[in-house]
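# Commentary on secondary and tertiary structure
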Amino acid sequence: MENMVGQAQNVQVPNYSGVNIQIFNPSVAAPGANVPASNINATNYATMPAYPQNYYTQNFSQPPIPAPIEPQPSEPTKKKTEKREIVQLTDDYIKTLEGYLNNSNKEVRLMGAKEVLSRLQEDDSRKNDVGLNALVNKMLQDPHQPIKFIAMAALESRVANGNDTSKTLLQSIQQQKTAYGEDSLKASNILLKMSGNTVKKEFEVQEKPEKESKKA
């Protein structure tokens, strides 16, 4: 009888005398009967919202839009540096080099010339040093060919940029026939390089593909 709760049950009981007796389920109201209000749950389910008010107006197909992430400023790339020992250029040191270049002994002058070249080569920022370029000009005027050759090599390799005095001395060497004309050609080449200004420009470095490992 549990599955028949809520419905009026009309049970007919046979009577051997030919009379049918109808019994209504006492727990269920008969059809058409007035049920007291106390038997009905006082809660009005029709007025209770099953979903939030904006449930049917929300657009569930669109995911929530996250807040924009502000880009963080990138740190500048740090250049790799290294410390090297170099000879400090002082007034006394420059005067010492000049004294070697003024020596009457050509071998002593040659020692001084080699020191001048070494000071230029150990620091690229010295190519415009006033004192060292003045010594290079002095070497250009030396009668000993190896000393003049060192001075011209410094200017040609651009470890020394020279100055206006250097250009004047080189133009004079162009007219000379020393070293079988080699000095004249070298002077012309140096003057050509000095006529162009050098600037630094950044270029994209192309990564070299890794070499395939050799098969054993």
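What comes next concerns the included structure. As the structure is a prediction and not an experimental result, all values here were calculated from the model.

### With respect to the overall build of the chain
Along the backbone of the chain there are 6 helices and 2 strands. Secondary structure elements of the chain occur, N-terminal to C-terminal, as β-β-α-α-α-α-α-α. Scored against the burial criterion, the 216 residues of the chain give a buried share of 23%. In the chain, once contacts between residues fewer than 6 apart in sequence are set aside, the share between residues at least 24 apart is 53%.

### Structural notes on the side chain of Asp 183
As for its position among the elements, Asp 183 is in helix H6 (residues 182-194). Among residues more than four places away in sequence, those in contact with Asp 183 are Gln 145, Lys 148, Met 152, Ile 173 and Thr 178.

### Thoughts on the packing of helix H1 (residues 91-101) against helix H3 (residues 130-140)
The description of two helices packed together rests on the angle between their axes and the distance between the axes. Where H1 meets H3, the axes come as close as 11 Å, and the angle between the chain directions of the two elements is 0°. If you check the angle between H1 and H3, you find them roughly parallel. Here H1 contributes Ile 94, Leu 97, Glu 98 and Leu 101 to the contact with H3, which in turn contributes Leu 132, Leu 135, Lys 138 and Met 139. Among the residues making up the contact of H1 with H3, the classes are represented as 6 nonpolar, no polar and 2 charged.

### Remarks on the nonpolar core
Val 116, Leu 120, Met 139, Leu 140 and Leu 170 are the most contacted members of the largest nonpolar core, which has 28 residues in total. Of all the elements in the fold, those that place two or more residues in this core are H1, helix H2 (106-121), H3, helix H4 (145-156), helix H5 (164-174) and H6. In terms of residue count, H4 provides more of this core than any other element does, 6 residues in total. Ignoring sequence-local partners within four residues, the contact set of Met 139 consists of Leu 101, Ala 113, Val 116, Ile 147, Lys 148, Ile 150 and Ala 151.

### Focus on unusual backbone geometry
Despite not being glycine, Arg 158 has its phi angle at roughly 70°, a positive value. Along the chain, Arg 158 falls in the loop between H4 and H5. The backbone phi angle of Ala 179 is positive, close to 55°, even though this residue is not glycine. Here Ala 179 lies in the loop between H5 and H6.

### Some details on the environment of Gly 162
Locating Gly 162 in the fold gives a position in the loop between H4 and H5. The contacts of Gly 162, once residues within four sequence positions are left out, are Lys 127, Asn 133, Leu 155 and Met 194.

### Some points on the packing of H2 against H4
Viewed as axis vectors pointing N to C, H2 and H4 meet at an angle of 10°, and their least axial separation amounts to 9 Å. Judged by the inter-axis angle, H2 sits roughly parallel to H4. On H4, the residues touching Lys 106, Arg 109, Leu 110, Ala 113, Lys 114, Leu 117 and Leu 120 of H2 are Pro 146, Ile 147, Ile 150 and Ala 154. For the contact of H2 with H4, the per-class residue count stands at 8 nonpolar, no polar and 3 charged.

### Observations regarding H1
The α-helix advances 3.6 residues per turn, and as a result positions three or four apart in sequence lie on the same side. Those residues of H1 not exposed but buried are Tyr 93, Ile 94, Leu 97 and Leu 101. End-on, the buried residues of H1 take up no more than an arc of 100°, which puts them together on one face. Among the exposed residues of H1, those pointing more than 90 degrees away from its buried face are Asp 91, Asp 92 and Lys 95. In this fold, the buried residues of H1 make contact with H2 and H3.

### Here's the deal with H5
Every buried residue of H5 is listed here: Ser 166, Leu 169, Leu 170 and Ile 173. In an axial view of H5, the angular spread of the buried residues amounts to 100°, which keeps them on one side of the axis. Seen from the buried face of H5, the exposed residues on the opposite side, beyond 90 degrees, are Asp 164 and Thr 168. For H5, the elements touching its buried residues are H3, H4 and H6. For H5, the N-terminal cap is Asn 163; the gap from its side-chain oxygen to the backbone nitrogen of Thr 165 is 3.1 Å.

Parameters and conventions
- Residues numbered from 1 in each chain as written.
- Predicted model: local features only at pLDDT ≥ 70, side-chain atom pairs only at ≥ 80, totals over all residues.
- Heavy atoms only, no water.
- Helix = DSSP H or I, 4+ residues; strand = E, 2+ residues; numbered from the N terminus.
- Buried < 20%, exposed > 50% of the residue type's maximum accessible area, 1.4 Å probe, protein only.
- Contact = heavy atoms within 4.5 Å.
- Axes fitted to C-alpha atoms, helices over the stretch in contact; angles between N-to-C directions.
- Parallel < 35°, antiparallel > 145°, perpendicular 65-115°, else oblique.
- Nonpolar A, V, L, I, M, F, W, Y, C, P; charged D, E, K, R; others polar.
- Core = buried A, V, L, I, M, F, W, Y, C linked by side-chain atoms within 4.5 Å.
- Arc of directions from axis to C-beta.
- Polar contact = N/O pair within 3.5 Å; in protein donor to acceptor, adjacent residues only side chain to side chain.

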